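# Close look at the chain arrangement
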Amino acid sequence: MSDDLGIDLSKFQNLLQISDGKKYRLVEFADTDTFSLEQMLGSVVRQCYISDEKLRNRMQELSIEAVEVIASVLPDPGSTMSGEFGEIITLLYQAAVEYPKKLIDPKKMRLKEDRNRSTLKSDVVQMDLPDWPIPSRNDRIICSEVKTKSTRSGKNPVEEAVKDSEKDSAGRLIKTLTWLREKAIVTGLGGMTIAQLDRFIKAAEYPPARRQFQAVVVLCASLSDTELKEEIEAPDGRRLIIIVMADLKNSYESIYRAAKEKSYVKN
C-alpha cells in the first residue's frame, strides 16, 4: 500500500506511540506541527480519492488545472471530511503496524458517487495475503469500523464504534466485499482484484482464513480525559483501538486544504 499511496510507512510508523492496555490499544501521534503533517499526508489523502494517473488524464483531456479536478472529489469541511480522515488515518495506522508486510486496500473512497456523502459499507477493509496468488491458512481480512470525534458533543464514539463493528461481523463485511466485486467488474479497483475478493466471498472453497474485526476511534487529544474512561472495552473477539491526535479538527482541515491546493502529482 505504501507504493500505491506514495507514503513512507517507516516514517509514519515513527510518529506512532502505541501502548496496549487490558481493554484497548492506545495510539498517540508524536508532537508534530501541522505543516509537517501536510507535507506527509497531503498527497496521500488526495490519492485516496483520485490516483496520479487519473488526475493527469483528466487534466489533459479537459484542459483544466489539477485543483479543479481535485475539488470535484474531495469533501467540503464538515462531518464527511472528519469521518473520512479518520478512515484514512486508520488504514495508514494498520498498514504501518504491519510494515514491512504489505496490506491490500481497495481504495474505497475512489468509488464514491457523492463527494459530500460517505459510502454506507464497512469503513476500512484490508487484506493480508502473504502467499498470494496461492490461498493459504495465513490469509487474513481486517475490517475496521471507525468513528471520529474532533469537537465536544454528546456523542459517544467508543460505544458507537463497538456497536457498528458488530454490524460488520453480522453480515455487512460480506455485503461490502460483494459490492466491491461488482465495482471491480465495472470500473476496476485501485489495488484489490476479483480473485482476492472471491477468496473471502467464497470462503468455503478455500483454506480457512482469519477475519479480524476492529472498533476504532480517532480522537482529538483535548477530549481524551472525558472520552477515555476505565469502563470502556470491546466485546470478546473484537479489538478496540483509540487513535489520539492533537488539534484534530485543524489538522485534518489543513491536510485536506493542502491536498486540494497542491496536487503533488508526479510527471
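Counting restarts for each chain: residues are numbered from 1 in the order of the written sequence. It should be noted that, the model being predicted, local features are given only for residues of pLDDT at least 70 and side-chain atom pairs only at 80 or more, the latter also being counted only at that level, while totals for whole chains, interfaces and linings use all residues. Excluding hydrogens and water, the side-chain figures rest on all heavy atoms present in the structure.

### Observations regarding the sheet that holds strand β2 (residues 25-29)
- Any two strands are treated as partners once DSSP identifies two or more bridges connecting them. Only DSSP runs of H or I covering at least 4 residues are called helices, and only runs of E covering at least 2 are called strands; the numbering of each starts at the N terminus. Across the sheet, which stays open at both edges, the six strands sit in the order β1-β2-β6-β5-β4-β3 with mixed pairing between neighbours. Each having just a single partner strand, β1 (16-20) and β3 (124-128) make up the two edges of the open sheet. Direction aside, the axes of adjacent strands within the sheet are offset by 20° on average.
- As judged from the 10 bridges shared by strand β4 (residues 140-149) and strand β5 (residues 210-220), these two strands associate in the parallel manner. Following the sheet pairing, Val 146 is matched in β5 by Val 216.
- Helix α6 (residues 79-98) rests against β1, β2, β3, β4, β5 and β6 (238-245) of the sheet, and its axis sits at about 140° to β4.
- Contacts are residue-level and defined by heavy atoms, with any inter-residue pair within 4.5 Å sufficient. To define axes, lines are fitted to C-alpha atoms, for helices over the stretch in contact only, and angles between the resulting N-to-C directions are given on a 0 to 180 degree scale. Its contacts with the sheet put helix α7 (residues 157-186) on β3, β4, β5 and β6, and the angle it makes with β4 is roughly 140°.

### Digging into helix α8 (residues 194-201)
- Taken together, the buried positions of α8 are occupied by Gln 196, Leu 197, Asp 198, Arg 199 and Phe 200.
- Considering only its buried residues, α8 is in contact with β3, β4 and α7. Burial classes: relative accessible area under 20% of the type maximum marks a residue as buried, over 50% as exposed, and values in between as partly exposed (1.4 Å probe, protein chains only).

### Here we look at the packing of aromatic side chains
- Here the aromatic set is Phe, Tyr and Trp, taking the six-membered ring for Trp, and pairing holds for ring centres within 6.5 Å; pairs whose planes are under 30 degrees apart are stacked, those over 60 apart are edge-to-face, and all others are tilted. As enumerated under the stated definition, the model contains four aromatic pairs in all.
- Look at Phe 12 and Phe 29: their rings are 5.8 Å apart centre to centre, the planes differ by 75°, and that puts the pair in the edge-to-face class. In this pair, Phe 12 is assigned in helix α2 (residues 9-14) and Phe 29 in strand β2, connecting sequence segments 17 residues apart.
- Under the relative-accessibility criterion, Phe 12 is labelled buried at 1%.
- Look at Tyr 49 and Tyr 256: their rings are 6.1 Å apart centre to centre, the planes differ by 70°, and that puts the pair in the edge-to-face class. Here Tyr 49, found in helix α3 (residues 34-49), pairs with Tyr 256, found in helix α10 (residues 248-261); they are 207 residues apart in sequence, far enough to count as distant.
- We classify Tyr 49 as buried; its relative accessible area is 4%.

### Brief notes about unusual backbone geometry
- With an omega dihedral of 10°, the bond running from Tyr 99 to Pro 100 counts as a cis peptide bond.
- Structurally, Pro 100 is set in the loop between α6 and β3.
- Cis rather than trans, the peptide bond between Trp 132 and Pro 133 has omega equal to 20°.
- With respect to the helices and strands, the residue Pro 133 is situated in the loop between β3 and β4.
- Of note in the backbone geometry, Lys 107 takes a positive phi value of approximately 55° without being a glycine.
- With respect to the helices, strands and loops of the structure, Lys 107 is situated in the loop between α6 and β3.
- Located in the positive-phi region is Asp 247, a residue other than glycine, with phi close to 50°.
- Structurally, Asp 247 can be placed in the loop between β6 and α10.

### Some remarks on empty space enclosed by the protein
- Cavity and pocket criteria rest on a 1 Å grid covering protein atoms alone: a 1.4 Å probe that fits but cannot get out defines a cavity, protein on both sides within 12 Å along at least 5 of 7 lines defines an open pocket, and an atom within 4 Å of a point defines a lining residue. Grid points are joined across faces, edges and corners, and a volume is the space filled by probe spheres set on the points. Under the defined criterion, the tally for this structure stands at two cavities of 30 Å³ or more.
- Approximately 120 Å³ is the volume attributed to the largest cavity.
- Of all the elements in the fold, those that place two or more residues in the lining of the largest cavity are α6 and β3.
- Tallying contributions element by element places α6 first for the lining of the largest cavity, with three residues.
- A per-class count over the lining of the largest cavity returns seven nonpolar, no polar and five charged.
- Each pocket or cavity is described by its volume, and for the second largest cavity that value is around 50 Å³.
- Lining the second largest cavity are Glu 84, Glu 87, Lys 108, Met 109, Lys 112, Ser 118 and Thr 119.
- Residue composition of the lining of the second largest cavity, by class: one nonpolar, two polar and four charged. Classes in brief: Ala, Val, Leu, Ile, Met, Phe, Trp, Tyr, Cys and Pro nonpolar; Asp, Glu, Lys and Arg charged; the others, Gly included, polar.

### Some words on the pairing of β5
- Burial within β5 is extensive, with nine of its 11 residues counted as buried.
- Two strands pair when backbone bridges link them, and β5 and β6 are joined in this way by eight bridges, in the parallel orientation. By the bridge assignment for β6, Gln 214 is matched with Arg 239.

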